[in-house]
Amino acid sequence: MNTSLLVGCDFSSSPNRRKPIVIATGCVKSGRVLLNGLERLESLDSFERWLRQERDWLGAFDFPFGLPRELVVHLGWPLQWKALIDHYAGLSRLEIRTTFAAFCDARPAGQKFAHRSTDRPAGSSPSMKWINPPVAYMLHAGVPRLLAAGVHLPGLHAGELRRVALEAYPGLLAREVLGPRSYKSDDKARQTPQRLIARKDLVIALELGQTRLGLRLKLSHAQHDALIDDASGDSLDAVLCLLQAAWAQQQGAPRYGLPADMDALEGWIVTAYPCCQPTLAVPRAACPGSWARSQRRCTCLVCPTDQFSNS
């Protein structure tokens, strides 16, 4: 499949007017990722209707597509992905919180949560976390709706190849540009000038293609200003996901850049450490992990040193 429509989705498990699901749509034109527009969905029903539209797309969605294998084994839940999601969808949020809290309470400090293999390279929150951010609820709200709409999830579930969904994480790409600087907050009291400057820096870097994805974002002046002015960061996060979808499109079917040895129960965040793929030679400066030059090795704990070029 070589779809022209790209989608980036900043998701909310309880969308409303104040905190909607934001969908960025775009395409690659003349070597740049063109942002066509932003759509705000204020309910999960609206999200379902959006998914069922009769059009082809490749999308990157900011919610986890799987749970940690360690957690699933401990709980005795199904070890096949589709059966696991069906089981998980049948639970209430209260049941999820109670079950996961009990798992955490029984573990030592500093090791409360189980993690997926993709969490460390992506720097993402564990998908079993139910608060700050509630990604466990996002999985519960998002993935069953993808399945119900017949969407194809590479490496996890065969669906309609004209609509392809990948797990994304905008923070992965944002941190590459900003490091530890924060660029967003839903709390108006924390929507500071420093975060405004960070959004400006991030948008400019994306327009210049200053990330390891090698993609330049094309914006109108109005779009440029709108992304910076959205202090919640929701619009910018959707666009970051759009860029991750564009990178996946470049990698092509059937894997779209997902590692060949991806755990088919846990899933994987697209663009997480492409330098770990054996076929790539990535300059040290482009490694998403921190490069310890004094030790002559990558400290991302995943990348073998000999997979880097000398640039």
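The structure displayed is predicted, hence computed values, not measured ones. (Residues numbered from 1 in each chain as written. Predicted model: local features only at pLDDT ≥ 70, side-chain atom pairs only at ≥ 80, totals over all residues. Heavy atoms only, no water.)

### Comments concerning the pattern of salt bridges
At step 1: In the structure shown here, the tally under the stated rule is 17 salt bridges.
At step 2: Across the pair Glu176 and Arg212 runs a salt bridge, and its minimum N-O distance is 3.2 Å. Of this pair, Glu176 sits in helix α7 (residues 170-178) while Arg212 sits in the loop between α8 (193-208) and β7 (216-218), and the two are 36 residues apart along the sequence.
At step 3: Three or more residues are tied together by salt bridges with common partners; here these are Glu54, Asp56, Glu160, Arg162 and Arg163. (Salt bridge = Lys/Arg side-chain N within 4 Å of Asp/Glu carboxyl O. Helix = DSSP H or I, 4+ residues; strand = E, 2+ residues; numbered from the N terminus.)

### What about the pairing of strand β4 (residues 57-61)?
At step 1: Taking burial as the measure, the five residues of β4 include five buried ones, the bulk of the element.
At step 2: Here β4 shows a buried face lined by Trp57, Gly59 and Phe61 and a second buried face lined by Leu58 and Ala60.
At step 3: In this structure, strand β1 (residues 6-10) lies alongside β4, joined through four bridges in parallel fashion. What sits directly across from Leu6, in β4, is Leu58.
At step 4: Bridge count between β4 and strand β6 (residues 160-167): five bridges; the pairing is parallel. Note on β6: the bridge partner recorded for Gly59 is Ala165. (Buried < 20%, exposed > 50% of the residue type's maximum accessible area, 1.4 Å probe, protein only. Pairing = 2+ DSSP bridges.)

### Some thoughts on the environment of Leu139
At step 1: As for its placement among the helices and strands, Leu139 is situated in helix α6 (residues 135-148).
At step 2: C-alpha of Leu139 to C-alpha of Ser127: the two residues are twelve residues apart in sequence and 7.6 Å apart in space.
At step 3: Discounting chain neighbours no more than four positions away, the residues touching Leu139 are Pro64, Phe65, Gly66, Leu67, Ile85, Tyr88 and Pro144. (Contact = heavy atoms within 4.5 Å.)

### Some details on unusual backbone geometry
At step 1: Each neighbour pair has its own omega, and for Asn132 with Pro133 the value is -5°, a cis peptide bond.
At step 2: By the secondary structure assignment, Pro133 is in the loop between α5 (119-122) and α6.
At step 3: Here the bond from Ala253 into Pro254 is cis, since omega is 5°, no more than 30 degrees from zero.
At step 4: Here Pro254 is to be found in the loop between α10 (234-251) and β8 (291-292).
At step 5: One non-glycine residue, Asn132, adopts positive backbone phi at about 50°.
At step 6: By the secondary structure assignment, Asn132 is in the loop between α5 and α6.
At step 7: With a phi close to 75°, Thr271 is a non-glycine residue in the positive phi region.

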